[in-house]
Amino acid sequence: MSSSLVRRSAFTGVLALACAGTFAPSALAAAPVDSLDGDLTPLTLLGTNDFHGHFTKDFACTVASAKAEYPDASFISAGDNVGGTPFESASQQDNPSIDFLNALGLEASSVGNHEFDKGFDDLTGRVSSRASWTYLGANVYKGGTTTPALPEYKVLDVNGVKVAVVGAVTTDTPNMVAGDGVAGLTFGDPVAAVNRVAATLKDGNAANGEADVVVAEYHEGAPEGGEATLSSMQAASPVFNNIVTKTSGDVSAIFTGHTHQLYSWDAPVPGGEGTRPIIQTDFYAKYLGVLQLGYDKASGKVTQYKVTNRPVSAPSDACTSLPAYTAAAAVVDSANARAEEIGKQVVAQSSGPITSALKADGSRDDRLAESNLSNLIAQSYVDSLNKPGRTGSVEIGLMNPGGVRADLVPDASGNLTFAQAAAVMPFNNTVATREVTGATLVKILEQQWQPEGSSRPFLKLGLSKNVTYTFDENKPAGERITSVLVDGKPLDESTSYTVASNSFLITGGDNFTALKEGGAVSDSGLIDQGLFVEWLKAASPLSPSYAKQSLSVVDQPTKLTAGKEASFTVSGFDMTSKGAPANKSVEVFVDGTSVGTFPITTSSSTTPPYPANHGTASVKFTVPADASGDALVTFKAAPTGTSGGFPVTIEGGAPTTTPTGPTTEPTDPTTGPTDPTSEPSDPSSTSEPSDPSTTDEPTASPTDGTSTSGGGNPSSSSTSTTGPKVETDGMRNEQAVTGLAGLGLLLVAGIGAVVARLRRTV
């Protein structure tokens, strides 16, 4: 592409848009077919997206075989070829990934957000210099202008026909890349940019570039694939709907990416007849998109098309004779050998897998759900920065689910290697801190529900183990977070908390812009990947925790009445990380006093409103008659220890007496079982919570609000005289006894009743 096209002036861009609005686009009359008519010229495009450095011989053979089958085919990509890569690529600055795609003959690619991970200069310098393909970004402009910062399109010769590939990237890119990676750039509307370029390519003016056929490569797409329908995804995502309905009729086919989905849909062409294909090929080189366009040279139009998302398969003997395969396979062998030397060191041991949340089909990376790996990483930030000689005073850790790119799955001996640990966080972000108020923390949790038009409707944050919260997904935006507990106490919205995360999230990435309301960022200068490896070594041996830290509560009360019934529904007890058991029951406490144990039924909700919730309990109990004032309703589920709770005000109970003298703080039932991953010095000290699930039918709440189990609440069952002093009807033990000594006129039966109650309470 000529430099004059790259530097097209703002006037030219405006003129192209004006022309596009004046003259209707040429109407297409394409139709999907099983095979193209013989009188049409076949134009074959092989597509991939979100490769993310997953170079394998399987993919090499699949691409090389397709190119042998269709000798005139061109290989193109919808972005994220580098960045977010596994250890084998990341440990070598993604150079093997570039070499691998070069060997397979990649010709053009839209930029993805991950192409900016190491900065625009790295993309346009080192990466582009090494890559034999052209990176395209029609909607990437020099800051504050309409001057393109990247090539907008590339014309390919496909079977003697000029096919222009126009590339564009999601406007979310600045929210998904560390700020300095996109400094000085503006990301415009991708559809408007594609339409502008397509109009110039089809306007008959050879001076500004011409093409017979135009296809679009969007690094943006539908939020779901698989069984989802085109119409349902249009309804779910305004951004995707714009791609479907507003991309110019000059564009004959649309390749998409970014959302890691598998689909091939026939979409009506706006302002024309027939349909055109909209394609995404999953991610990590699992499929190869094979698109054949039937081009009628007489009319200059595409009239037919055929699409197949071809799954990759193991190399065949025939591949060994294909030059593209042998060259790519040599890159794989060399890169893997070097990575093996780097990564074979054992850094930790684990009793089981610690993973991202699993999707319904068992595959990893469900970003809508809580995972023990995201929580583990969030905890590692806190522990690592609180080590002597470091930042210190960190109270809360946060982790974005998109930053978790691999799982910790030990081998048969329980070993975890450097390569596995490094693959979890391949971006090499630094770890940083900033102070936020409690009110801002609530906003951050609210922003898990992403802004309208985002590629994904919800992103579940990982949290350090001292934070739990409740939410109601049915409430309006801004009101969904209903309570937050930090260290077992209600969040103080006016208090400042120091939070730690990677430099991407802490600066407002993934649309968590509320973080920008906090104080100045303090960058530790420590790389997250190296810090995580260090933390794993110190925390070894690890044991997966399946205790969730967020629960959905519908009809969550803010006020209760002593002696009266309370009821609400709690769901989301069960985690979906690999190996997570289903919870059987939940014990509920009011200010540490057990008010009953309730069965948890297996349930699943994975559709809007998000997030997904698994495991539900209907809670109904009588509020203790002697309860009064501010209190906490808390939960502990068995067998995982999932916990949480919310504050309430209890009215109508007996007044409490302020304790005098020192007391010992009772065990906080909201903290759940000790997490051995955060206490490496003595993992054997972890105690299992009481498990009411050992009975076939969990016991329902007693009608008088008392509990005979006391599970998980030592203060309600212990007879130790060194523990906290127990109150009865608002009186401390010694006050009650003193009162009895002065009541000599009471009947014996009355005295007996009072004494009996004291014994039961103690």
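What you are looking at is a predicted structure, and each value in this text was computed from that prediction instead of being measured.

**Topic: the overall build of the chain**
In step 1: Helix and strand counts for the chain come out as 18 helices and 36 strands.
In step 2: For the chain, the residues scored as buried account for 54% of the 762 residues in total.
In step 3: Here the chain displays about 30100 Å² of accessible surface, and carbon together with sulfur accounts for 52% of that area.

**Some remarks on the layout of surface pockets**
In step 1: The space that makes up the second largest pocket amounts to roughly 900 Å³.
In step 2: What lines the second largest pocket is a set of 29 residues, among which Glu-224, Gln-261, Lys-359, Ala-360 and Asp-366 lie closest to the centre.

**Notes on the state of the cysteines**
In step 1: Inspection of every chain in the model, using the stated rule, returns one disulfide.
In step 2: Disulfide pairing is shown between Cys-61 and Cys-319; the S-S distance is 1.7 Å. Residues Cys-61 and Cys-319 are joined by a disulfide whose S-S torsion is about 65 degrees; by sign, that bridge is right-handed. Highlighted residues: Cys-61 in helix 3 (residues 57–69) and Cys-319 in the loop between strand 15 (301–311) and helix 11 (323–343), separated in sequence by 258 residues.
In step 3: Taking relative accessible area as the criterion, Cys-61 reaches 4% and is therefore assigned buried.
In step 4: Note on Cys-319: relative accessible area 0%, which makes it buried.

**Things to note about empty space enclosed by the protein**
Empty space among the atoms becomes visible once a probe the size of a water molecule is rolled across them.
In step 1: For the structure shown, the criterion picks out five cavities of 30 Å³ or more.
In step 2: Its volume calculated, the largest cavity comes out at about 150 Å³.
In step 3: What lines the largest cavity is a set of 17 residues, and nearest its centre among them are Val-82, Gly-83, Asp-94, Asp-117 and Lys-118.
In step 4: The greatest single-element share of the lining of the largest cavity, amounting to three residues, is contributed by helix 6 (residues 120–130).
In step 5: Partitioning the lining of the largest cavity into residue classes produces five nonpolar, six polar and six charged.
In step 6: Considering only enclosed or pocket space, the second largest cavity measures out at about 80 Å³ in volume.
In step 7: Looking at the second largest cavity, it is lined by 15 residues, and the ones nearest its centre are Asp-366, Ala-369, Ser-371, Ser-374 and Pro-401.
In step 8: Here the residues of the lining of the second largest cavity are counted per class, giving five nonpolar, four polar and six charged.

**As for the packing of aromatic side chains**
In step 1: All told, the structure shown has 20 aromatic pairs when counted by the stated rule.
In step 2: Taking the centre distance of 5.7 Å and the plane angle of 75 degrees together, the rings of Trp-133 and Tyr-135 count as edge-to-face. Like Tyr-135, Trp-133 is buried.
In step 3: Ring geometry for Tyr-263 versus Trp-265: centroids 4.2 Å apart, planes at 5 degrees, classification stacked.
In step 4: Looking at Tyr-263, the relative accessible area reads 3%, which means it is buried.
In step 5: An aromatic cluster is built from Phe-51, Phe-55, Phe-59, Phe-75 and Phe-100, whose rings are joined through pairwise contacts.

**Notes on the packing of helix 5 (residues 95–103) against helix 11**
In step 1: It is the contact of helix 5 with helix 11, at a shortest axis distance of 8 Å, that shows an interaxial angle of 170 degrees. Taken together, the axis directions place helix 5 and helix 11 in an arrangement best described as roughly antiparallel. Across the interface between the two elements, Pro-96, Asp-99, Phe-100 and Ala-103 of helix 5 pack against Ala-324, Ala-327, Ala-328, Val-331, Val-332 and Ala-335 of helix 11.
In step 2: In terms of residue class, the contact of helix 5 with helix 11 is made up of nine nonpolar, no polar and one charged.

Reading guide: rules and limits
Residues numbered from 1 in each chain as written. Predicted model: local features only at pLDDT ≥ 70, side-chain atom pairs only at ≥ 80, totals over all residues. Heavy atoms only, no water. Helix = DSSP H or I, 4+ residues; strand = E, 2+ residues; numbered from the N terminus. Buried < 20%, exposed > 50% of the residue type's maximum accessible area, 1.4 Å probe, protein only. Areas by Shrake-Rupley, 256 points an atom, 1.4 Å probe, with all protein chains shown as cover. 1 Å grid on protein atoms, 1.4 Å probe; cavity = no way out; pocket = protein on both sides within 12 Å on 5 of 7 lines; lining within 4 Å. Points joined across faces, edges and corners; volume = space filled by probe spheres on them. Disulfide = S-S within 2.5 Å. Nonpolar A, V, L, I, M, F, W, Y, C, P; charged D, E, K, R; others polar. Phe/Tyr/Trp six-rings, centres within 6.5 Å; stacked < 30°, edge-to-face > 60°. Axes fitted to C-alpha atoms, helices over the stretch in contact; angles between N-to-C directions. Parallel < 35°, antiparallel > 145°, perpendicular 65-115°, else oblique. Contact = heavy atoms within 4.5 Å.

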